[in-house]
Amino acid sequence: MSKQEKISRKRQLELTATQLFKEKGYTASSMRDLANEVGIEAASLYSHIKSKEEILRNICFRMADEFFAAINAIDNEPMNSMAEKLEKYIVAHTEVIAHDTAATLVFINEWKHLSEPHYSNFVDQRHRYEKRFIEILKAGIKRKEFLPIDEKFVVLTILSSLNWIPHWYKPGGKMSPEEIGRQLSRMLIDGIKTGHRTGTRQH
């Protein structure tokens, strides 16, 4: 078997395992289940992967890399406000989710099954990712763009809302991932903008 064929088989195993982990959960999915899905002997799996956790680790850290790459690209763009930057972060996060909803669900729900040191490394990456959003909010509050709010609470609220997307998103729907991200960002950001509090209603 050529090197390219081995790579392709390994990718196939990861894609199949992603669906299994999404549908059954990591702990309820066995190597035998995976072997049955791809139509090979269970013993043959170990010529491609070392363990079930290796697949989980690949999924979780690949998705983490994709989320970071998406927001890293935004940091080099010129911004008129922190609200604009936060909107771009939300859209970027949404687009990563929409690109692979199955892997996103595994990333969100199954990372707790990682063993050390991978568990701690993942938690550290998660905190660093949240911190990037928190820094935008802090800067916005300092500039008086945003209300004086609990930044951590707001970030967790935003990410929790976005991370529900893979439960309902279907490719080819009425709105593109970018449009979904922009609509969600307006709903999530307008509530914390200083200019959105008025005591009167316009008729």
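Further up the page is the structure itself.
The structure reproduced in this document is the subject of the present report. What you are looking at is a predicted structure, and each value in this text was computed from that prediction instead of being measured.

Thoughts on the overall build of the protein chain
- Each helix and strand counted, the protein chain has eight helices and zero strands in total.
- The linear arrangement of helices and strands in the protein chain, starting from the amino end, is α-α-α-α-α-α-α-α.
- Reported as C-alpha extents along the three principal axes, the dimensions of the protein chain are approximately 70 × 40 × 30 Å.
- The 203 residues of the protein chain split such that 43% are buried.
- Taking the intrachain contacts of the protein chain between residues at least 6 apart in sequence as the baseline, contacts between residues at least 24 apart amount to 71%.
- Carbon and sulfur atoms make up 50% of the accessible area of the protein chain, which totals about 11800 Å².
- Here the protein chain carries 31 positive and 27 negative side-chain charges, and the mean point of each set is 2 Å from the other.

A few points about the nonpolar core
- By size, the foremost hydrophobic cluster in this structure holds 57 residues, and its most contacted members are Phe 21, Leu 34, Leu 86, Phe 146 and Leu 162.
- Ranked by residue count, the leading element in this core is helix α3 (residues 52–74), at 11 residues.
- Here Leu 162 is in contact with Ile 90, His 93, Thr 94, Ile 97, Leu 184 and Leu 188, once residues within four sequence places are set aside.

Focus on the packing of α3 against helix α6 (residues 118–142)
- Here α3 crosses α6 at 20°, and the two axes come no closer than 11 Å. Viewed along their axes, α3 and α6 adopt a mutual orientation that is roughly parallel. Seen from above, α3 lies across α6 with left-handed handedness. Residues Glu 53, Arg 57, Cys 60, Phe 61, Ala 64, Asp 65, Phe 67, Phe 68, Ile 71 and Asn 72 of α3 pack against His 118, Asn 121, Phe 122, Gln 125, Arg 128, Tyr 129 and Arg 132 of α6.
- Class assignment of the residues belonging to the contact of α3 with α6 gives a composition of eight nonpolar, four polar and five charged.

Description of the packing of aromatic side chains
- Applying the stated criterion across every chain yields a total of 10 aromatic pairs.
- Judged by centre distance (5.5 Å) and plane angle (35°), the ring pair of Trp 111 and Tyr 119 falls under tilted.
- Looking at Trp 111, the relative accessible area reads 14%, which means it is buried.
- A relative accessible area of 30% places Tyr 119 in the partly exposed class.
- Here Lys 52 stacks its cationic end above the ring of Tyr 26, 4.3 Å away from the centre of that ring.

Details of the packing of α3 against helix α5 (residues 101–109)
- In contact at an axis separation of 9 Å, α3 and α5 are set at 105° when each is read in the N-to-C sense. Classified by the angle between their axes, α3 and α5 sit roughly perpendicular to one another. Between α3, through Leu 56, Ile 59, Cys 60, Arg 62, Met 63, Ala 64 and Phe 67, and α5, the contact on the second element is made entirely by Ala 103, Thr 104, Val 106 and Phe 107.
- Grouping the amino acids of the contact of α3 with α5 by side-chain chemistry returns nine nonpolar, one polar and one charged.

Let's talk about the pattern of salt bridges
- Taken as a whole, this structure holds 17 salt bridges when the rule is applied.
- When the shortest N-O distance is used, the salt bridge between Arg 57 and Glu 53 registers 3.9 Å. In this pair, Arg 57 and Glu 53 both sit in helix α3, four residues apart, roughly one turn of the helix.
- Residue Glu 53 is classed as buried on the basis of its relative accessible area of 16%.
- Across the salt bridge formed by Asp 75 and Arg 132, the nearest N and O atoms sit 2.5 Å from each other. Placement of the pair is Asp 75 in the loop between α3 and α4 (82–99) and Arg 132 in helix α6, with a sequence separation of 57 residues.
- The exposure class of Asp 75 is partly exposed, given its relative accessible area of 32%.

Thresholds, definitions, all that
- Residues numbered from 1 in each chain as written.
- Predicted model: local features only at pLDDT ≥ 70, side-chain atom pairs only at ≥ 80, totals over all residues.
- Heavy atoms only, no water.
- Helix = DSSP H or I, 4+ residues; strand = E, 2+ residues; numbered from the N terminus.
- Buried < 20%, exposed > 50% of the residue type's maximum accessible area, 1.4 Å probe, protein only.
- Contact = heavy atoms within 4.5 Å.
- Areas by Shrake-Rupley, 256 points an atom, 1.4 Å probe, with all protein chains shown as cover.
- Lys, Arg positive; Asp, Glu negative; His and termini not counted.
- Charge placed at Lys NZ, Arg CZ, Asp CG, Glu CD.
- Core = buried A, V, L, I, M, F, W, Y, C linked by side-chain atoms within 4.5 Å.
- Axes fitted to C-alpha atoms, helices over the stretch in contact; angles between N-to-C directions.
- Parallel < 35°, antiparallel > 145°, perpendicular 65-115°, else oblique.
- Left-handed = near helix turned anticlockwise from the far one by under 90°.
- Nonpolar A, V, L, I, M, F, W, Y, C, P; charged D, E, K, R; others polar.
- Phe/Tyr/Trp six-rings, centres within 6.5 Å; stacked < 30°, edge-to-face > 60°.
- Lys NZ or Arg CZ within 6 Å of the ring centre and 35° of its normal.
- Salt bridge = Lys/Arg side-chain N within 4 Å of Asp/Glu carboxyl O.

Honestly, it's all geometry; don't read function into it.
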